[in-house]
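Chain by chain, the residues:
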Amino acid sequence: TKIGIDAGGTLVKVAYLDNNNIEFRTFRSQQLDEVIKWITTNFERVEVCLTGGKSEILAQKLQGPTQTIVEFEATSKGVDYLANEQNLHFSNGFILANVGTGTSIHHMKDGKQERVIGSGVGGGTLLGLSYLVSGETEYEKIINLSLQGNRGNIDLKVEDIFEGAVPPISGDLTASNFGKLSKMMAEKPSKTDALASVIGLIGETVVTICIQVADTYQTSDILYIGSTLRSNSILAGIMNNYTKLRGKQPFFLENGEFSGAIGALLSI
Ligand code: ATP
Ligand code: MG
């Protein structure tokens, strides 16, 4: 069996072939032994290709030979594969943002990728800030709570500053994430509001960087991937709307978080 593994800072993404279908699995990077256990109990003969920051540590734990592939190469291979499969075609290149533990931003054109910039604001920030504002540590719970939250109690919009006057830019843009200090001091926002604003801060920061990169490379298409967007309709929604508000075209890939694992699988 052919198995592609993207062992990242937080999650290990696995893509493997089962009757010519690609199947997916996810493990925690803190529990690499679970990956080994799953492989040895389910498969007899395996060919493994690894990518991601924790691929060397995982290779040491795996008995038998393994291949490795550079992460950015694996990711772009997987993205090309999924985009094709999902009928997404970019004629003039596109910007790829991988929102993992941190965020990595690439320019993709004519089958080539160039890493342009990164940001420490990513999925790790989501988990860390969420813990600080709410004490919550479970990803699914954080997302569900944030869906009930109201950012209007915490985030300052351009229209809030202009108070009815006509602003020079869209009033709907965030003027200052977490900027409504006096309102917060008058009434402490709920946990759900705080979590919604944390996700807003992350989504808008990542989008803002991507917009700038898209302008530099003269494209309007931005494709967002990474596990931070998985079952996270609130972050995806914010990034979708904010990208459009800033005049660019957002795209999302189904199973996009498995791009690196798919790229590793395809290079066996
Ligand atoms: P990097 O590429 O930066 O080394 P990574 O590949 O591990 O990291 P991803 O798997 O793309 O990163 O994304 C990790 C993020 O996904 C987490 O920081 C968290 O915000 C989010 N996430 C989604 N599902 C879960 C989950 N079940 N448990 C923990 N985090 C999750
Ligand atoms: Mg990753």
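Reference entry: report on the structure contained in this document. (Residues numbered from 1 in each chain as written. Chains lettered and ligands numbered in written order. Predicted model: local features only at pLDDT ≥ 70, side-chain atom pairs only at ≥ 80, totals over all residues. Heavy atoms only, no water.)

Here's the deal with the packing of aromatic side chains
Move 1: Enumeration according to the criterion identifies eight aromatic pairs in this entry.
Move 2: Ring centres of tyrosine 16 and phenylalanine 43 lie 5.5 Å apart, and the angle between their planes is 70 degrees; on these two criteria the pair is classed as edge-to-face. Residue tyrosine 16 is found in strand E2 (residues 11-18), and its partner phenylalanine 43 is found in the loop between helix H1 (32-42) and strand E4 (47-51); the two are separated by 27 residues along the sequence.
Move 3: Of the residues examined, phenylalanine 43 reaches a relative accessible area of 15% and is grouped as buried.
Move 4: Here the aromatic cluster, defined as three or more aromatic residues joined through ring pairs, consists of Tyr16, Phe27, Trp38 and Phe43. (Phe/Tyr/Trp six-rings, centres within 6.5 Å; stacked < 30°, edge-to-face > 60°. Helix = DSSP H or I, 4+ residues; strand = E, 2+ residues; numbered from the N terminus. Buried < 20%, exposed > 50% of the residue type's maximum accessible area, 1.4 Å probe, protein only.)

Looking at unusual backbone geometry
Move 1: In this structure, serine 231 is a non-glycine residue whose phi angle is positive, near 35 degrees.
Move 2: Within the secondary structure, serine 231 is located in the loop between strand E11 (221-225) and helix H9 (233-245).
Move 3: One non-glycine residue, asparagine 255, lies in positive phi territory at about 60 degrees.
Move 4: By secondary structure assignment, the location of asparagine 255 is in the loop between strand E12 (249-252) and helix H10 (259-266).
Move 5: With relative accessibility at 26%, the residue asparagine 255 sits in the partly exposed group.

Digging into helix H5 (residues 139-147)
Helical geometry: 3.6 residues make up each α-helical turn, so side chains three or four residues apart lie on a common side.
Move 1: Here H5 has its buried residues at Tyr139, Ile142, Ile143, Leu145 and Ser146. An end-on view of H5 places all buried positions within 165 degrees of arc, on one side of the element.
Move 2: Buried residues belonging to H5 abut helix H4 (123-134), helix H8 (191-216) and H9. (Arc of directions from axis to C-beta. Contact = heavy atoms within 4.5 Å.)

Observations concerning the pattern of salt bridges
Move 1: Scanning the model with the defined rule gives nine salt bridges in all.
Move 2: Aspartate 33 serves as the salt-bridge partner of lysine 61, at 3.1 Å between the closest nitrogen and oxygen. Taken together, the residues span a long stretch of sequence, with lysine 61 in helix H2 (residues 55-61) and aspartate 33 in helix H1 at a distance of 28 residues.
Move 3: Owing to a relative accessible area of 51%, aspartate 33 belongs among the exposed residues under this scheme.
Move 4: Among the ionic pairs, lysine 37 bridges to glutamate 34, the shortest N-O distance being 3.9 Å. Of the two residues, lysine 37 and glutamate 34 both sit in helix H1, three residues apart, roughly one turn of that helix. (Salt bridge = Lys/Arg side-chain N within 4 Å of Asp/Glu carboxyl O.)

Section: the pairing of strand E7 (residues 103-109)
Move 1: When you tally the buried positions in E7, you get six out of seven residues, the bulk of the element.
Move 2: Bridge count between strand E6 (residues 94-99) and E7: six bridges; the pairing is antiparallel. When the sheet's bridge partners are listed, asparagine 98 is paired in E7 with serine 104.
Move 3: Connecting E6 to the antiparallel partner E7 that follows it, the hairpin turn spans three residues.
Move 4: As paired elements, E7 and strand E8 (residues 112-119) share seven bridges and run antiparallel to each other. Bridged to threonine 103 within E8 is serine 119.
Move 5: Remark: two residues form the turn of the hairpin made by E7 and E8, two consecutive strands paired antiparallel; aspartate 110 in that turn has positive phi of roughly 50 degrees. (Pairing = 2+ DSSP bridges.)

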